[in-house]
Structure formats: C-alpha cells, structure tokens
Amino acid sequence: MSDRPVRFGLIGFGAWGQHHANAITVTEGAELVAIAARSDTSVAAAKEKYPDAAVYNDYRELVAREDLDFVDVVVPSHLHHAVATAVLQAGKHLLLEKPMGVSMEECDDMIRIANQQDRLFAVGHELRLSSMWGKAKELIDEGFIGDPLYALVELSRNPYRQGADGWRYDIDRVGSWILEEPIHFFDLARWYLERAGQPERIYATANSRQPGRPELQDNFSAIMHFSGGSYAVVSQTLAAFEHHQTAKITGTKGALWASWSGAQDRTRHPTFSLRGFDGNEVVTIPIDKPTGELFELEDQVARVVQAHRSGVPLHCNAEDGRWSVAMCLAAEASVRSGNIVSISDYIG
Ligand SMILES: NC(=O)C1=CN([C@@H]2O[C@H](COP(=O)(O)OP(=O)(O)OC[C@H]3O[C@@H](n4cnc5c(N)ncnc54)[C@H](OP(=O)(O)O)[C@@H]3O)[C@@H](O)[C@H]2O)C=CC1
Ligand SMILES: O=C1CO[C@H](CO)[C@@H](O)[C@@H]1O
C-alpha cells in the first residue's frame, strides 16, 4: 500500500472534536483534509484553526468528497448512527467516538453496513491504547496475576460538561449516563477479564443529587459476572473533584493496581502509577510514556492509520463497541428495575 498520508475528514468540532483535530494533525501519516461543524461559531473556529482544511456546515457535503480515506465522527451520541451510516454508505472507513450507538439496533445496523461496504470500523475506546491501562492488559495476558478472577474499575471526578445545546443532560440525546463515562470502564473490565469468558449478567444501582432527575446518575456502581466465574465491579461518582481513576485486578496468583490522576480528564500533566504483585514480590512497573486521554487520542489516530496501511488490527473494533453498549444498556435496565439483568438479552 502507498505511503501517501491517510486523508481524514472530521465531523464534529466541539470540546472533544477539537482534540481529535489536533491528534490527526500531529500524527505522522495522517492529514486533516476536511471538517464539518454545525453552528456558525464552530465553523468559524475550525476555519481559523485549520485554514488548510475545507470546512462545511453540512456533514453530508464532507461525506460526499471523493478524496477521503477515513472519517472521524465526534458528534453528540444520539447522532452517531445517522452520521456514521452516511460515512459508511459513502464508502469511507470510520472512526466513531463512543458510545458506538444508543441502542443495539443502531449498533447492528452500522455493523451490517460496514460489512456490506467492507470498511474498517474503529470505536473510540482509546484507553485500550494507554501505556498504563494497556500495560495492565499485557501483564494479565502474560499470566502475571495467574488466572484473572476480579477487576475493579473506578472513577471519582467532577460533573460532566453540558455539551453543545446541553445534549449531555438531556436523556433523549445522551441515551444514558452509563453510556458516557462508565462505558470506558465496562470496556476495560471486559478486556481485562477476556481470559475469564464473556460477561453474562449484571446488577447495577445509581442515585442522583437532583431528586427530580434520577436519570442523571451522579453515583453509579455495577457488579458484572463472567461465564468463567470471574466478576468485575465498575463504579463511578460525578459528585467529586478532579479526575481520579483506578483499576485493581486480582488473579489466582497476584494482583495489579493502576491509578491515574489529573485536574481533569484532558490534562497533559497527570500523575499515574502501576504496581504489581506476581505472588512473590511487589514491584512498581515502569510506564514507558505518559498516559492520558489526549495522548491516547494521538495513539488512536496512529493505530487507524496503521490498520489502513498495513492491516494491523484495530484497538477496538465494532464488535467490541457493540459489547460495550450492551453492557451499559443492561446496567441501565438493572438500575431501573432493581433486578439482575442478563446481558445476552442485549448482545443476543
Ligand atoms: N472517548 C472519549 O474519551 C470521549 C468521547 N466523547 C464523545 O465525543 C462525542 C462528542 O462529545 P463532546 O465533544 O464532548 O461534545 P460537544 O457538545 O462539546 O461537541 C459536539 C459537537 O458536535 C457538533 N455537532 C452537532 N451536530 C452536528 C452535525 N450535524 N454536524 C456537525 N457537527 C455537529 C456540535 O456543533 P456546534 O458546536 O456547532 O453546536 C458540537 O460542536 C460524544 O459522543 C462523546 O460521548 C467525548 C469526550 C471524551
Ligand atoms: O471519557 C470521557 C470524558 O468525559 C466525558 C464527559 O465529560 C465523556 O463523554 C467521555 O467519554
């Protein structure tokens, strides 16, 4: 395959879309050719920051361009399906932010079109590319802790941003708050416990600081059981300060403890550490480069470039993205009903 830059279009130039634009621009082998935004303000901001890119106020014009290889979609979650299907139908490869969709029907439809069009379909669970969260996965797969039995993935942070037009606080547009941030942790938990089978059932609970708005789950916790007998705990509070995430994974032989802290998720100056016990001694595991979502966004662009050029596997494919949505929707159903919910009702 040729060494010419992989040509990207970007749809969505909000808080996160602007970080994607930067990630594409700084990645060797990637070129930011076109951007689509919605409001005049965002269109003007995109033109000013990226004068060499074509900027559209209708994403369909971007999608219709003949010269794009990949389109990166970073719009509010309820629009993922409409925008992503347009991208795939136009024959472009797709990098779609999480959550892949807000329903299983949306996920299935996008997968069907991607298969029909034979296009790459990556989902933005970028934590898989982290030098630390990813190192934990490598160690688990090498048998450092023996057979994994338990994973806790936990976050304590400040409240979510509103998002353009307040979409994140409108349940009809965000889908569920579990699809916002906990979805990353369900993805990590399933990835870490891969050797323990697949998630089978879940119990979840949540509460809100606003009595009239129970759907805005400030506190959320879930226990998810795997077919092989292992289980994961995913827990998050939005009623706290800054951004502090941990993962603790234990197995038949040892344990891992990873932690990350920053003033917010988007900091380039976090503190982080990974410690491990292999059954004999406790060690601090060196992390070879800084970790944080902004770094991983760059790694994500690099990975889709490699996938396009050399067939390297995607870090998170559409099936993984679909699993993440299924776990979250099952958790949401459990919060609402108070019952244990079977994940196969969602994953099929
Ligand atoms: N993987 C991760 O770690 C993260 C993922 N995300 C995901 O990224 C997505 C965007 O989130 P975020 O950036 O925080 O949200 P914002 O609300 O900050 O940005 C969304 C942007 O989408 C734009 N938009 C809406 N409709 C269209 C349209 N039809 N065409 C083009 N642009 C459109 C809005 O435009 P305008 O400004 O003109 O109104 C807005 O700028 C969400 O799905 C979220 O879940 C977000 C943060 C982190
Ligand atoms: O990782 C994330 C950081 O927080 C955002 C909300 O504020 C989420 O949308 C996102 O998935």
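Rules of the game
Residues numbered from 1 in each chain as written. Chains lettered and ligands numbered in written order. Predicted model: local features only at pLDDT ≥ 70, side-chain atom pairs only at ≥ 80, totals over all residues. Heavy atoms only, no water. Helix = DSSP H or I, 4+ residues; strand = E, 2+ residues; numbered from the N terminus. Rg over C-alpha atoms; globule rule 2.2 N^0.38 Å. Lys, Arg positive; Asp, Glu negative; His and termini not counted. Charge placed at Lys NZ, Arg CZ, Asp CG, Glu CD. Near = heavy atom within 4 Å. Polar contact = N/O pair within 3.5 Å; in protein donor to acceptor, adjacent residues only side chain to side chain. Areas by Shrake-Rupley, 256 points an atom, 1.4 Å probe, with all protein chains shown as cover. Nonpolar A, V, L, I, M, F, W, Y, C, P; charged D, E, K, R; others polar. Phe/Tyr/Trp six-rings, centres within 6.5 Å; stacked < 30°, edge-to-face > 60°. Buried < 20%, exposed > 50% of the residue type's maximum accessible area, 1.4 Å probe, protein only. Pairing = 2+ DSSP bridges. Axes fitted to C-alpha atoms, helices over the stretch in contact; angles between N-to-C directions. Right-handed = clockwise from strand over helix to strand, strands pointing away. Core = buried A, V, L, I, M, F, W, Y, C linked by side-chain atoms within 4.5 Å. Domains from an automatic or database assignment. Contact = heavy atoms within 4.5 Å. Parallel < 35°, antiparallel > 145°, perpendicular 65-115°, else oblique. Left-handed = near helix turned anticlockwise from the far one by under 90°.

Enquirer: Just to check I follow, could you spell out the overall build of the protein for this structure?
Expert: Within the protein, the regular secondary structure consists of 11 helices and 15 strands. A globule of 348 residues ought to have a C-alpha radius of gyration of about 20 Å, and the protein, at 20 Å, matches this closely. Referenced to the eigenvectors of the C-alpha coordinate spread, the extents of the protein come out at roughly 55 × 50 × 40 Å. Averaged over its 33 positive side-chain charges, the protein has a centre that lies 1 Å from the centre of its 47 negative ones.

Enquirer: Would you mind going over the site of ligand 2 with me for this structure?
Expert: Taken together, Lys98, Arg157, Tyr160, Arg161, Arg168, Glu180, Glu181, His184, Asp265 and Glu293 make up the full set of residues near ligand 2. Within the side chain of Asp265, one N or O atom sits 3.3 Å away from an oxygen atom of ligand 2. Protein chains bury 93% of the 290 Å² of accessible surface belonging to ligand 2 in isolation. By residue class, the composition of the shell around ligand 2 is 1 nonpolar, 1 polar and 8 charged.

Enquirer: When you look at the packing of aromatic side chains in this model, what are you seeing that I'm missing?
Expert: Any two aromatic rings considered together are summarised by their centre-to-centre distance and by the angle between their planes. For the structure shown, the criterion picks out 7 aromatic pairs. When the ring of Tyr150 is compared with that of Tyr231, the centres are 5.5 Å apart and the planes differ by 70°; the resulting orientation is edge-to-face. Note that Tyr150 is positioned in strand β7 (residues 148-157) and Tyr231 in strand β10 (residues 231-237), a separation of 81 residues in sequence. Judged by relative accessible area, which is 23%, Tyr150 ranks as partly exposed.

Enquirer: Even after reading the chapter, I still don't get the site of ligand 1, so can you show me in this structure?
Expert: Surrounding ligand 1, one finds 32 residues, the nearest of these being Ser39, Ser42, Lys98, Ala164 and Trp167. Within the contact set of ligand 1, an oxygen atom lies 2.8 Å away from a backbone nitrogen or oxygen of Trp16. Within the side chain of His80, an N or O atom sits 2.8 Å from an oxygen atom of ligand 1. Compared with its free state, where it exposes 910 Å², ligand 1 has 92% of that area covered by protein. Here the residues of the shell around ligand 1 sort into 14 nonpolar, 10 polar and 8 charged.

Enquirer: What should I look at first to understand the sheet that holds strand β4 (residues 70-73) in this one?
Expert: Read across the open sheet, the 6 strands follow the order β3-β2-β1-β4-β5-β6; overall the sheet is parallel. Taken across any chain shown, the strands that pair with only one partner, and hence form the sheet edges, are β3 (54-56) and β6 (121-123). Within the sheet, the average angular offset between the axes of one strand and its neighbour, ignoring direction, is 25°. Here β4 runs beside strand β5 (residues 93-96); their pairing, made up of 4 bridges, is parallel.

Enquirer: I would appreciate a short explanation of helix α8 (residues 182-192) in the present structure.
Expert: Along an α-helix, residues three or four positions apart point the same way, because every turn accommodates 3.6 residues. Across the 11 residues of α8, 11 count as buried, placing the element largely inside the fold. Three or more residues of α8 are buried, namely Pro182, Ile183, His184, Phe185, Phe186, Asp187, Leu188, Ala189, Arg190, Trp191 and Tyr192.

Enquirer: Hey, could you run me through the pairing of strand β1 (residues 6-11) in this one?
Expert: Two faces, one strand: in a regular strand the side chains alternate between the faces of the sheet. Counted residue by residue, β1 has 5 buried out of 6 residues, so it is predominantly covered. Note that β1 and strand β2 (residues 30-36) share 6 bridges and pair parallel. Opposite Leu10, over in β2, you have Ile35 as the bridge partner. The parallel pair β1 and β2, bridged by helix α1 (residues 15-26), forms a crossover whose chirality is right-handed.

Enquirer: What's the story with unusual backbone geometry in this structure? I'm lost.
Expert: Note: most residues except glycine have negative phi, and most peptide bonds are trans. A cis amide bond, omega -10°, links Lys98 with the succeeding residue Pro99. Despite not being glycine, Asp118 shows a phi value in the positive range, around 55°. Position of Asp118 among the secondary structure elements: in the loop between α5 (104-117) and β6. Residue classification places Asp118 among the exposed residues on the basis of a relative accessible area of 61%.

Enquirer: Can you help me understand the nonpolar core in this one?
Expert: Soluble, globular proteins show a tendency: their nonpolar side chains are buried together. Ranked by size, the top nonpolar core spans 76 residues in total, and within it Met100, Phe121, Phe186 and Leu256 carry the most contacts. It is helix α10 (residues 318-337) that contributes the most residues to this core, 9 residues altogether. Here this core gathers at least three residues from each of two domains, domain 1 (6-126 + 297-316) and domain 2 (127-291 + 324-347). Excluding its chain neighbours within four sequence positions, the residues that come into contact with Phe121 are Leu88, Leu94, Leu96, Met100, Met110, Ile111, Ala114, Leu314, Cys316, Asn317 and Ala318. Within the second largest apolar cluster, 28 residues are counted, among which are Ala21, Ile24, Val74 and Leu294.

Enquirer: So what exactly am I meant to see when it comes to the sheet that holds strand β11 (residues 243-251) here?
Expert: Think of a sheet as strands paired side by side through backbone hydrogen bonds, with each pair either parallel or antiparallel. Ordered by their spatial adjacency, 9 strands build an open sheet running β14-β13-β12-β11-β7-β10-β9-β8-β15, and the pairing between neighbours is mixed. Both edges of this open sheet fall to β14 (282-284) and β15 (341-342), since each of them pairs with a single strand only. Bridge count between strand β9 (residues 219-226) and β10: 7 bridges; the pairing is antiparallel. Bridge pairing links Phe220 to Gln236 in β10. Along the sheet face, α10 touches β8 (199-207), β9 and β15 and points at about 50° away from the line of β8.

Enquirer: Help me out: how do you make sense of the packing of α1 against helix α9 (residues 293-310) in this one?
Expert: Between two packed helices, what matters for the description is the angle formed by their axes and the separation of those axes. Contact geometry for α1 and α9: axes closest at 8 Å, N-to-C directions at 55°. For the element pair α1 / α9, the angle class is oblique. Taken as a pair, α1 and α9 cross one another with a handedness that is right-handed. Contacts from Trp16, His19, His20, Asn22, Ala23, Ile24 and Val26 of α1 reach α9 at Glu293, Leu294, Leu297, Glu298, Gln300 and Val301. When its residues are assigned to classes, the contact of α1 with α9 shows 7 nonpolar, 4 polar and 2 charged.

Geometry only, nothing functional implied.
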